[in-house]
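In case you want the letters, here they are:
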Amino acid sequence: MASSPDDLKARLHGLLSEFQAKIERAHTEQELRKVFADYGGSQGAIRVAQKDALKEAPNAEKKAIGQLSNAVVAEVERALEGRLAALHEAERRRDLERTVDVSLPGRVRRLGHLHPTTLVRREIEQIFAQLGFTVAEGPQIETDFHNFEALAMPKDHPARDMQDTFYIEGEPELVLRTHTSPVQIRTMLSGPPPIRIIAPGPVYRKDDDPTHSPMFNQVEGLCVDEGITFADLKGVLLHFAKRFFGEEWGVRLRPSFFPFTEPSAEIDFTCAFCAGSGCRTCKGSGWIEIGGAGMVDPEVFAHVGYDPERYTGFAFGWGLDRMAMLRYHIDDIKLFFDGDVRFARQFK
Amino acid sequence: MKISRRWLTELVETPLSGGELAKLLTMAGLEVEAVTPVGNFSGVVAAEVRGRRPHPQANKLTLVDVFDGQKVTQVVCGAPNVPEPGAIVLWAPPGAKLPDGRALEPKEIRGIVSPGMLCAEDELGLGTSHEGILVLSEKDGLAPGDNAAEKLGLPDEILEVNVTPNRPDCLGHLGVAREIAALTGAELRLPPVPPMHLEGSASATVRLEDPEGCPRYSALVLDNLTVGPSPLAVRLRLQALGVRAISNVVDATNLVLLERGQPLHAFDLDKLAGHTIVIRRARAGEKIATLDGQERTLTDEDVAICDEAHPVAVAGVMGGSSSEVSASTRRVLLESAYFSPARVRRTARRLGLHTEASHRFERGVDPEGVLDAARACADWMQRLSGARLAGAPIDLYPKRIEPVRLALRASRTRALLGLELPAARQAEILSALGLEVDPAGETIHVLVPTRRPDLTREVDLIEEIARVHGFDSVPATVPPLRRAPGVSPPPASLKADRARDALRGLGFDELSTYAFVPPAHLAALGYPESDRRARPIRLQNPIREEQSAMRTSLAVGLLSALASNLLRGEGELRLFEVGEIFLRRDGAPADTPAEERRQLAGVMSGHREGWLKPGEPLDLFDAKGVVVELLSALGHVADFEPSREPWLHPGVQARVSILGREVGRLGEVHPDLRAKLGIEARAFAFELDLDALGAAPPLRLAELPRFPAVTRDLSFFIAAEVSAGAIRAAIDRARDPLCVEVKVLEDYREPGRVPAGKKGMLWSFTYRAPDRTLTDAEVQSAHERLLAALKSALELELR
Ligand SMILES: [Zn+2]
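Computed from a predicted model, the values in this text were never measured in an experiment.

The rules behind each value
Residues numbered from 1 in each chain as written. Chains lettered and ligands numbered in written order. Predicted model: local features only at pLDDT ≥ 70, side-chain atom pairs only at ≥ 80, totals over all residues. Heavy atoms only, no water. Buried < 20%, exposed > 50% of the residue type's maximum accessible area, 1.4 Å probe, protein only. Helix = DSSP H or I, 4+ residues; strand = E, 2+ residues; numbered from the N terminus. Pairing = 2+ DSSP bridges. Contact = heavy atoms within 4.5 Å. Buried area = accessible area lost by both parts, 1.4 Å probe. Salt bridge = Lys/Arg side-chain N within 4 Å of Asp/Glu carboxyl O. Axes fitted to C-alpha atoms, helices over the stretch in contact; angles between N-to-C directions. Parallel < 35°, antiparallel > 145°, perpendicular 65-115°, else oblique. Nonpolar A, V, L, I, M, F, W, Y, C, P; charged D, E, K, R; others polar. Donors = N, O, S within 2.8 Å, 3.2 Å for Na, K, Ca; no water. Tetrahedral: all angles 85-135°; square planar, octahedral: opposite > 155°, others 65-115°. pLDDT = per-residue confidence, 0-100. Left-handed = near helix turned anticlockwise from the far one by under 90°. Core = buried A, V, L, I, M, F, W, Y, C linked by side-chain atoms within 4.5 Å. Phe/Tyr/Trp six-rings, centres within 6.5 Å; stacked < 30°, edge-to-face > 60°. Lys NZ or Arg CZ within 6 Å of the ring centre and 35° of its normal.

## Describing the pairing of strand β13 (residues 216-223) of chain B
Residue and element names in this part refer to chain B.
Piece 1. The element β13 is largely enclosed, with a buried count of eight among its eight residues.
Piece 2. Because side chains alternate across β13, one face comprises the buried residues R216, S218, L220 and L222, and the other comprises Y217, A219, V221 and D223, equally buried.
Piece 3. In this sheet, strand β21 (residues 332-338) lies alongside β13 in antiparallel orientation, the contact comprising seven bridges. When the sheet's bridge partners are listed, V221 is paired in β21 with L333.
Piece 4. Judged from the three bridges that link them, β13 and strand β23 (residues 394-396) form a sheet pairing that is antiparallel. Looking across to β23, one finds that S218 is bridged to D395.
Piece 5. Here β13 pairs with strand β22 (residues 388-389) via two bridges, running antiparallel. Pairing of D223 across the sheet is with R388, part of β22.

Here's what the structure looks like:
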């Protein structure tokens, strides 16, 4: 058997050619690595050939044999790297050829929807929070005292006609609250001024016609302290109108009557449908009646034990659902309580 | 209250149009809801019928000769009621203008030219009747050639005024005119009450036995009446103001009612037993037939107007039919009184009667104006029916209602309104309103006339000043925040809003349903009678039976909504509501009448989300996942145990509790309840009591893991009835602190894969130390200890 370095050189070059041919036929990284192990690995054909050659070679040639083998292994490794890079590049190109139909629907976890009354309630609470008003609540089944009597509406007062009342069976002194105003009374009974509250919640009136719902939501505001004025009421409502509807929006107070405020006012806001230019909804006036307001009547202070000479205050209230109707241009209040998801799902 | 602009201008000089008056009054607190034109025509004249004959070409048409004072003209008329010659009709000749904007021209009708037309009520904008042309009698006071509009007080505008309950003085034209005078500075023309001289000789006796119920009672006795219709001008005015014309006697009382706000009643004197009126408390059970044809039973709370024998009127509410004025009436007793507002209100409410009279007496008429109103009415009766004053006026007023004296501090007005307004200006406004004012520097002394029962305190005067001066002139300021407000928001409302956000993120739509529900739906939940939820609080006066029980379960309303949405073809539903349930206190004293608990309920039906088409059908674990995630958003970790809620599937439900405290329930809706509510699809529901949740432990950051974790799995068979919760509890008792996470990966029970009566489970355990990388040996030893402990606690068969 030939054992000269030249023989070895020929043999190693033969192996190198075989290796190169095989890796060209390998199409996965795994195949490539296998071929590499067969030739260039520590147990591969090149090292085997090197060992064979070393066994017979004289000492003087051993160094040359080592250098020759290492050079061939290095060559094999380079070929492997090149081939691997090519394979990766081919794979990358193939991957980039993928396309999808982007017009197909997305895969979603659908978000739910909040009720429009919740949306406007939160907005209103936030706006009044800027002026130091915190949220207060009270029961919906109320005593005649909290709902009427303490609000200067004794039993025979004609103002009771303004609010058709649901009574509780077997409990002549209990009603479903007809407004959120009893929360004023409960709050004032619970401690001395200063008071700044906003009280949202459901109220009930025995109205059942196309424009009324027997249950609806109101929000009530109350501010009591030394030196509170009617001008303050106006300023607070103006702030609200501008934050809620927009900077160009206005508030108009119109004299009216509520037993628990004096002076009393109806609150008109610039019509949201025509921005004040006059339309069918506002009967051409440019204003929409929103709710009531006024300075807390001294008789109410007497019921809660506040000194009317020392303290003054204002209160206001309006329909929350009505606010949502103005905001979202909803024309039927019954939709709020129908539970129809086709309605609910529009409030993104 | 309907107000005629023409009538107003008789009482106060004003150049303002109806629209301008509406604005003025509205901004002063008398809200005008509408302004409606009446009789807006011109050029129509009164004409006498001189002859009539059929139209030769049409048997439904008549040729009428009318005389307008100068010449006779032939007009074609289509009405069925063309009167006999001599009657007066209203003729719109060519050139006349009608309310609909039409200008009349000669027009050929079936071959004959008609110069204009004869008018029906509706064509003149006077009413809705189109039954025939208007036919006038001599008493209507129109002669041939008269301008009809002028004679009838037309055109006019009717203002629909919303008079608030505190302003009884504005329930008549005079009061509204007084407002206009105060607001514009114009002079008020008080209508004169001409003196009447005693002419007849009839007399009557009046005894006032209930002065508390009737502080003042005046009566005039009139004779020589001829009852008949009022003239057209009066009838039209009443009609335009929403009052039916009845007879000249009754119409006279209504004219005074509309002018002065004082209700009056005319009794047929000859039908009063003993020609006597007694004002007394009714006897309990006493009966009276009222003018509306009903028999009414009275109580001793009612003020009854009686003759010697029986009640003849329910005071302040309605007259009786026995003494009603009729065509044959010759003599009347005219009543004008001031009845106690509270007594009238109670009686009217009890009888379910709301009349023009009760409306005014309840609010308070002017006690000082009672006799003047009677005189004004007698004057009208004299003019309309020829009445004469037959007896001396009777006026029983045992205890005079004194005008209120008030002192107003001008500085108080400024302080309350936040408006700089000098004392002089304040006094000027009060004086313009007809109050007697005596200014003394900063203090203004005021005498309030009795027609203004709403002005009893200083603050009432401040309101008058504010509204007449104009709310628009008050500046807008923001009150300083003296100190942080002392009220903190209720925790349940904060929790509710966080829960809403979480549920929205989990794909739920928020609904709001009525708090009153059908009692049958609550009964269908199947709670035993001992449970308060089975005994809802009911309404005394519900609108309908299905809205008569206050809900004791929030799920009930949502399930109804689920049913109706399913019926509309919506298949994928995840709904929730936050609201109160109402429970009886059963005698336990508390701050609020009922126990109102804020709850949250959700229902779901359909499938998990898939792509392009729905995924797998929902099961209980979808609902449980929602509840776990929701509670975690609120800072709570809950436990779930089997429960026995009657409206949920007995095998597919759980009680939700936090640290041993029950906070809610979840489960599959019981098939029987679904059947009752018409829900075909399987549905899942949960209820959480937000008030019961309690405070969540404060959120504190846990240190982030710094060393790697090692996971070990455990696969075993175990008796099928041992719950995952029980196994988990055994694990928790046995595990080393190094075991930081435990998860169930599989629960399978298919026969063939598991031995009989067993289930297969795969659990995974994660080991990690906070301060070092664990060695294999450490993990192995901890895991083997756990395994040994489990084996001794549970009968597991390792795989
Ligand atoms: Zn508008």
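## Remarks on the interface of chain B and chain A
Piece 1. Listed by partner, the interface residues are 94 residues for chain B and 96 residues for chain A.
Piece 2. Summed over both sides, the interface of chain B with chain A buries roughly 8200 Å², with 54% coming from carbon and sulfur.
Piece 3. When the buried area of chain B at its contact with chain A is split by residue, F471, R504 and W611 of chain B rank highest and sum to 9% of it.
Piece 4. Connecting chain B to chain A are 13 salt bridges.
Piece 5. E609 of chain B is the salt-bridge partner of R109 of chain A, the closest N and O atoms lying 3.7 Å from each other.

## Some words on the sheet that holds strand β20 (residues 318-319) of chain B
All names here are of chain B.
Piece 1. One open sheet holds the five strands; their spatial order is β12-β15-β18-β19-β20, and the pairing between them is mixed. With one partner strand each, in any of the chains shown, β12 (205-208) and β20 form the two edges of the open sheet.
Piece 2. With four bridges connecting them, strand β15 (residues 276-281) and strand β18 (residues 303-306) associate as antiparallel partners. Bridged to R280 within β18 is A304.

## Looking at the packing of helix α2 (residues 18-26) of chain B against helix α4 (residues 173-184) of chain B
Residue and element names in this part refer to chain B.
Piece 1. Where α2 contacts α4, the two axes come as close as 11 Å, and the packing angle between them is 85°. The angle between the axes of α2 and α4 places the two elements in the roughly perpendicular class. Every residue of α4 that contacts α2 at L21, L24 and L25 is listed here: V176, E179, I180, L183 and T184.
Piece 2. Here the contact of α2 with α4 is built from residues that sort into six nonpolar, one polar and one charged.

## Here we look at unusual backbone geometry
As a rule of thumb, non-glycine residues mostly have phi less than zero, and peptide bonds are mostly trans rather than cis.
Piece 1. Along the chain, P193 of chain A connects to P194 of chain A via a cis peptide bond; the corresponding omega equals 0°.
Piece 2. Relative to the elements of secondary structure, P194 of chain A occurs in the loop between α7 (182-189) and β5 (195-204).
Piece 3. A cis amide bond links E262 of chain A with the next residue in sequence, P263 of chain A, at an omega value of -5°.
Piece 4. Note on placement: P263 of chain A falls in strand β8 (residues 261-270).
Piece 5. Despite not being glycine, A152 of chain A shows a phi value in the positive range, around 65°.
Piece 6. Although it is not a glycine, L612 of chain B sits at a positive phi angle of roughly 70°.
Piece 7. For L612 of chain B, the location among the structural elements is in the loop between β31 (595-605) and α16 (620-633).

## Brief notes about the coordination of the zinc ion
All names here are of chain A.
Piece 1. For the zinc ion, every protein donor is listed as C271 (SG), C274 (SG), C279 (SG) and C282 (SG), and the spread of their distances is 2.2 to 2.3 Å.
Piece 2. Classification of the site at the zinc ion as tetrahedral follows from its four donor atoms and the range of 103 to 113° in their angles at the metal.
Piece 3. Going along the chain, you hit the donors of the zinc ion in the pattern C-x2-C-x4-C-x2-C. Pair noted here: C271 is in the loop between β8 and β9 (287-296) and C282 is in the loop between β8 and β9, with a separation of eleven residues, a long-range link. The two residues C271 and C282 agree in class, both being buried.

## Description of the confidence of the model for chain B
Piece 1. Averaged over every residue, the pLDDT of chain B is 94; the share at 70 or more is 99%.
Piece 2. Per the prediction output, this complex has pTM 0.87; the corresponding ipTM is 0.88.

## Observations concerning the side chain of H670 of chain B
Piece 1. In this fold, H670 of chain B is placed in the loop between β34 (661-669) and α17 (671-677).
Piece 2. Ignoring any residue separated from it by four or fewer positions in sequence, one finds H670 of chain B in contact with P646, W647, L648, H649 and P650 of chain B.

## With respect to the packing of helix α18 (residues 724-734) of chain B against helix α19 (residues 776-793) of chain B
Residues and elements named next belong to chain B.
Piece 1. Here α18 crosses α19 at 130°, and the two axes come no closer than 9 Å. One finds that α18 runs oblique with respect to α19. Seen from above, α18 lies across α19 with right-handed handedness. Together, A730, I731 and A734 of α18 and L786, A789 and L790 of α19 make up the contact between the two elements.
Piece 2. The residue makeup of the contact of α18 with α19, split by class, is six nonpolar, no polar and no charged.

## Describing the nonpolar core
Piece 1. Ranked by internal contacts, the top residues of the largest apolar core, which has 89 residues, are I124, F316, W318 and M323 of chain A.
Piece 2. A per-element tally of this core places helix α8 (residues 230-244) of chain A first, with eight residues.
Piece 3. When near neighbours in sequence (up to four residues on either side) are disregarded, F316 of chain A contacts F128, F133, I198, V219, E220, G221, L233, V236, L237, I267, G292 and A293 of chain A.
Piece 4. Counting 74 residues, the second largest nonpolar core, distinct from the first, contains V32, L241, L334 and A387 of chain B.

## Considering the pattern of salt bridges
When their charged atoms lie close together, side chains carrying opposite charge are able to pair.
Piece 1. Tallied over the entire structure, the rule returns 103 salt bridges over all chains.
Piece 2. Across the salt bridge formed by R110 of chain A and D509 of chain B, the nearest N and O atoms sit 3.5 Å from each other. Highlighted residues: R110 of chain A in the loop between α4 (59-96) and α5 (116-129) and D509 of chain B in strand β27 (residues 509-510), drawn from two different chains.
Piece 3. The class of R110 of chain A is partly exposed, set by a relative accessible area of 27%.
Piece 4. R772 of chain B serves as the salt-bridge partner of D771 of chain B, at 3.1 Å between the closest nitrogen and oxygen.
Piece 5. Judged by its relative accessible area of 33%, R772 of chain B falls in the partly exposed class.
Piece 6. Counted as one network, the salt bridges with shared partners bring together D531, R533, E641, E645, R655, E662, R665 and E687 of chain B.

## Quick notes on the sheet that holds strand β26 (residues 443-448) of chain B
Residue and element names in this part refer to chain B.
Piece 1. Strand order in the open sheet formed by three strands is β24-β26-β25, with antiparallel pairing between adjacent strands. Each end of this open sheet is capped by a strand with a single partner; those strands are β24 (404-409) and β25 (436-440). Within this sheet the neighbouring strands show an average axis-to-axis angle of 20°, counted without direction.
Piece 2. Alignment of β24 against β26, held across six bridges, turns out to be antiparallel. The partner of L408 across the bridge, within β26, is I444.
Piece 3. In the packing of helix α12 (residues 458-469) onto the sheet, contacts are made with β24 and β26, and the angle to β24 comes to roughly 70°.

## Topic: helix α10 (residues 320-328) of chain A
Piece 1. If you check which residues of α10 of chain A are buried, you get L320, D321, M323, A324, M325 and L326 of chain A.
Piece 2. Following α10 of chain A by one or two positions, H329 of chain A has its phi on the positive side, about 55°.

## Remarks on the pairing of β18 of chain B
Residue and element names in this part refer to chain B.
Piece 1. Of the two faces of β18, both are covered, the one formed by V303 and I305 as well as the one formed by A304 and C306.
Piece 2. Bridging between β18 and strand β19 (residues 311-314) involves three bridges; their strand directions are antiparallel. Paired with C306 across the bridge in β19 is P311.
Piece 3. Taken together, β18 and the strand that follows it, β19, pair antiparallel across an intervening segment of four residues.

## With respect to the packing of aromatic side chains
Piece 1. A complete count under the given rule lists 29 aromatic pairs over all chains for this structure.
Piece 2. Each ring, one from F244 of chain A and one from F245 of chain A, has its centre 4.9 Å from the other, and the planes form 85°; the classification is edge-to-face.
Piece 3. Using a relative accessible area of 3% as the deciding quantity, one classes F244 of chain A as buried.
Piece 4. Arranged with centres 5.5 Å apart and planes meeting at 20°, the rings of F337 of chain A and Y514 of chain B form a pair that is stacked. Taken together, the positions of F337 of chain A in the loop between α10 and α11 (341-344) and Y514 of chain B in the loop between β27 and β28 (516-517) put the pair across two chains.
Piece 5. The class for Y514 of chain B is buried, based on a relative accessible area of 18%.
Piece 6. The rings of F128, F133, F240, F244, F245, W249, F269, F314, F316 and W318 of chain A are connected pair by pair, giving a single aromatic cluster.
Piece 7. Above the face of the W380 of chain B ring, R383 of chain B is positioned so that its terminal group lies 4.2 Å from the ring centre.
Piece 8. Geometry around Y748 of chain B places R753 of chain B over its ring, the cationic atom sitting 4.1 Å from the centre.

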